[in-house]
Amino acid sequence: VSMSAQGSPVDHAASPLSSRRGALRKLLMAVVLATGMPLGGSASSQEQAAAGSCADGDASCAASPSVPKVQLGSLAISPIIMGQWQLAGGHGAYDPEEAVRNMVKHYDAGITTVDTADIYGPSEEIVGAFLKQRPDAVVCTKLCCFRGLDRIDRKQVRQRVLASCKSLGVKSLDLVALFWADFEVKRYVQVAKWLAELKDEGLVREVGVTNFDTEHLRELVQAGVPVVSNQIQYSIVDRRAQHGLSDYCESEGIRLLCYGSVGGGLLSGRFIGKPRPGRAALDTSSLRMYAGSVSRFGGWDLLQDLLGAMRGVAQKHGATIANVASRYVLNQKAVGAIIVGVRSAEHIQENIAALSLSLDQEDNRILGS
């Protein structure tokens, strides 16, 4: 099985698209009748207000309600994690100093955990600059193994962990998640064991994995690797984790750290009532990747049905579609946190608002169809 660093090879069982489409259309009409919302249209006033809530100044961000913590082994993380994949490129130009200021704003608002990787370009160095200002932040990084998988040895694993320590400006790493590009090369268990040795040594506080399916995660656990997390793609349009992986993680006390919960913006008010975007409109690596998830889900028309139903739920609670998308994932079995790309401070308040959203039985019936 070959994978990309952002691909998610979790257990997948496709459901019939025709029945899914029919169920969604019936639920959408029920929402229309119950709420009086229009079928078409653009982002609601709640969407627009939430989007601008932190753009007017730092004070509004600092006024966010308290953000709870989630235990990840010995680490206390925020249930929303600042994703820094965009610092690797493919998301437009950015100013490193502004990126640091943005992270500080998120931290001060209660989003105290950062996700990065040793392959995300200068991401670790920029996060390291942030850590000089907020040294108590929790940083989740990765050991990404793509090439020479049959030649990786204990020395190389140590050297790469030390290189991440140097980039981040720390003496030890909070969390190192192993990414393994090809499970046909069976050395992933040994490499994970070497990471566990570094945990025993104190160079790594916790060991996680990225994009491991149930079968290969079970191998690590049975080998005695103390895995605390599995970072995967998980959203209302990508529910592969529900076919065995989340049950297994729940049973083993492993937390799912989920990226793609808002699909790079596809699961928000930005695209509701809009025609399928062409490639030019999919102007970031995130949008292009998550557009593939939409295709697997059943296509653009079915996504529009889903967004309409989600908007009904959002309006009922005075929330946004993105809030509903985030809350859906946070409510799922074994989920510890969602990873949200943070290119600016614009959506801080909106992201945090998802934590106080409570979905009722009818909401869950609509969203779970």
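Because the structure is a prediction, the values reported are computed rather than measured. (Residues numbered from 1 in each chain as written. Predicted model: local features only at pLDDT ≥ 70, side-chain atom pairs only at ≥ 80, totals over all residues. Heavy atoms only, no water.)

Chemist: Even after reading the chapter, I still don't get the overall build of the chain, so can you show me in this structure?
Modeler: A count of helical and extended segments in the chain gives 14 helices and ten strands. Across the 369 residues in the chain, those meeting the buried criterion constitute 55%. Taking all contacts inside the chain whose residues are at least 6 apart in sequence as the whole, residues at least 24 apart take part in 80%. Total accessible area computed for the chain in this model is approximately 15,100 Å², and 50% of it derives from carbon and sulfur atoms. (Helix = DSSP H or I, 4+ residues; strand = E, 2+ residues; numbered from the N terminus. Buried < 20%, exposed > 50% of the residue type's maximum accessible area, 1.4 Å probe, protein only. Contact = heavy atoms within 4.5 Å. Areas by Shrake-Rupley, 256 points an atom, 1.4 Å probe, with all protein chains shown as cover.)

Chemist: Would you take a moment to explain the packing of aromatic side chains for this structure?
Modeler: Aromatic ring pairs are described here by two measures, namely the spacing of the ring centres and the angle between the planes. Applying the stated criterion across every chain, the model contains seven aromatic pairs. Between the aromatic rings of Tyr107 and Phe130, the centroid separation amounts to 6.2 Å while the plane-to-plane angle is 65°, which identifies the pairing as edge-to-face. With a gap of 23 residues between them, Tyr107 in helix H4 (residues 96–108) and Phe130 in helix H5 (residues 123–133) connect regions that are remote in the sequence. Here Tyr107 and Phe130 have matching classes, each one buried. (Phe/Tyr/Trp six-rings, centres within 6.5 Å; stacked < 30°, edge-to-face > 60°.)

Chemist: What is the right way to read the environment of Val340 from this model?
Modeler: Mapped onto the elements of the fold, Val340 is located in strand S10 (residues 335–341). Counting along the chain gives 225 residues from Val340 to Asp115, while the straight-line C-alpha distance between them is 9.2 Å. Those residues in contact with Val340 that lie beyond four places of it in its chain are Ile80, Ile81, Met82, Gly83 and Asn351.

Chemist: Sorry if this is basic, but what is going on with the pattern of salt bridges here?
Modeler: Pairs can form between side chains of opposite charge once their charged atoms are near each other. Scanning the model with the defined rule gives 14 salt bridges in all. Linking Arg151 and Asp150 is a salt bridge whose minimum nitrogen-to-oxygen distance equals 3.7 Å. For the residue pair Arg151 and Asp150, the accessibility class agrees, reading exposed in each case. Residues joined in a network through salt bridges with shared partners are Lys316, Asp360 and Asp363. (Salt bridge = Lys/Arg side-chain N within 4 Å of Asp/Glu carboxyl O.)

Chemist: Would you explain the sheet that holds strand S9 (residues 255–259) in this entry?
Modeler: The strands that make up a sheet pair up through hydrogen bonds in the backbone, lying either parallel or antiparallel. Taken in spatial order, the eight strands of this closed barrel run S3-S4-S5-S6-S7-S8-S9-S10, and their pairing is parallel. Strand-to-strand twist of the sheet, defined as the mean angle between neighbouring strand axes without regard to direction, takes the value 30°. Here strand S3 (residues 80–83) pairs with strand S4 (residues 113–115) via three bridges, running parallel. Note that in S4 the partner of Gly83 across the bridge is Asp115. (Pairing = 2+ DSSP bridges. Axes fitted to C-alpha atoms, helices over the stretch in contact; angles between N-to-C directions.)

Chemist: Sorry if this is basic, but what is going on with the pairing of S9 here?
Modeler: Moving residue by residue along a regular strand, the side chains alternate between the two faces of the sheet. When you tally the buried positions in S9, you get four out of five residues, the bulk of the element. Looking at chain direction, strand S8 (residues 227–233) and S9 are connected through five bridges and run parallel. Considered in S9, the bridge of Gln231 is made with Leu257. In this fold, S8 hands off to helix H9 (residues 245–252), which returns the chain to S9; that crossover is right-handed. (Right-handed = clockwise from strand over helix to strand, strands pointing away.)

Chemist: What am I meant to see in the pairing of strand S7 (residues 204–210) here?
Modeler: Extensive coverage of S7 is indicated by the burial of six of its seven residues. Pairing of strand S6 (residues 173–180) with S7, which is carried by six bridges, proceeds in the parallel orientation. Looking across to S7, one finds that Leu173 is bridged to Val204. Between the parallel pair S6 and S7, the chain is carried across by helix H7 (residues 188–201), and the sense of this crossover is right-handed. Bridging between S7 and S8 involves four bridges; their strand directions are parallel. For Thr210, the partnering residue across the bridge sits in S8 and is Gln231. The parallel pair S7 and S8 is bridged by helix H8 (residues 214–222), and the resulting crossover is right-handed.

Chemist: I keep staring at the side chain of Glu206 and nothing clicks. Help me out?
Modeler: Within the secondary structure, Glu206 sits in strand S7. For Glu206, a relative accessible area of 5% corresponds to the buried category. Once residues lying within four places of it in the same chain are set aside, the contact partners of Glu206 are Leu72, Gly73, Ser74, Leu75, Asp174, Leu175, Val176, Lys199 and Val228.

Chemist: Would you mind going over the nonpolar core with me for this structure?
Modeler: Generally speaking, nonpolar side chains in soluble globular proteins are found buried as a group. Ranked by size, the top nonpolar core spans 111 residues in total, and within it Phe130, Leu178 and Trp180 carry the most contacts. If one sorts the elements of this core by residue count, helix H11 (residues 300–317) sits on top with nine residues. Core analysis: the second largest hydrophobic core is formed by six residues, Trp85, Ala117, Cys144 and Ala181 among them. (Core = buried A, V, L, I, M, F, W, Y, C linked by side-chain atoms within 4.5 Å.)

Chemist: What am I meant to see in the packing of helix H6 (residues 154–168) against H7 here?
Modeler: Geometry of a packed helix pair, given as the angle between the helix axes and the separation of the axes. Running from amino to carboxyl end, H6 crosses H7 at an angle of 55°, the nearest separation of the two axes being 10 Å. In terms of orientation, H6 lies oblique with respect to H7. As for the relative orientation of H6 and H7, their crossing is right-handed in sense. Mapping the contact onto sequence places Arg154, Val157, Arg158 and Val161 in H6 and Val191, Trp194, Leu195, Glu197, Leu198 and Glu201 in H7. (Parallel < 35°, antiparallel > 145°, perpendicular 65-115°, else oblique. Left-handed = near helix turned anticlockwise from the far one by under 90°.)

Chemist: Explain the environment of Gly260 here, please?
Modeler: Mapped onto the elements, Gly260 comes out in the loop between S9 and helix H10 (285–297). Judged by relative accessible area, which is 7%, Gly260 ranks as buried. Taking the C-alpha atoms as reference points, Gly260 and Ile236, 24 residues apart in sequence, are found 9.4 Å from one another.

Chemist: Can you help me understand H6 in this one?
Modeler: It helps to recall that an α-helix has 3.6 residues per turn; residues three or four apart then point in one direction. Across its 15 residues, H6 extends 21 Å between first and last C-alpha, which sits within 8% of the 21 Å expected from 1.5 Å per residue. Residues of H6 that are buried include every one of Val157, Val161, Ser164, Cys165 and Leu168, and no others. Each buried residue of H6 lies within a common arc of 105° when the element is viewed along its axis, so the set occupies one face. Turned more than 90 degrees away from the buried face of H6 sit Lys155 and Lys166, all of them exposed. Considering only its buried residues, H6 is in contact with H5, strand S5 (138–145), S6, H7 and S7. A positive backbone phi angle near 75° is found at Gly169, which sits one or two residues after H6. (Expected span 1.5 Å × (residues − 1). Arc of directions from axis to C-beta.)

Everything listed is a geometric property; what it means functionally is a separate question.
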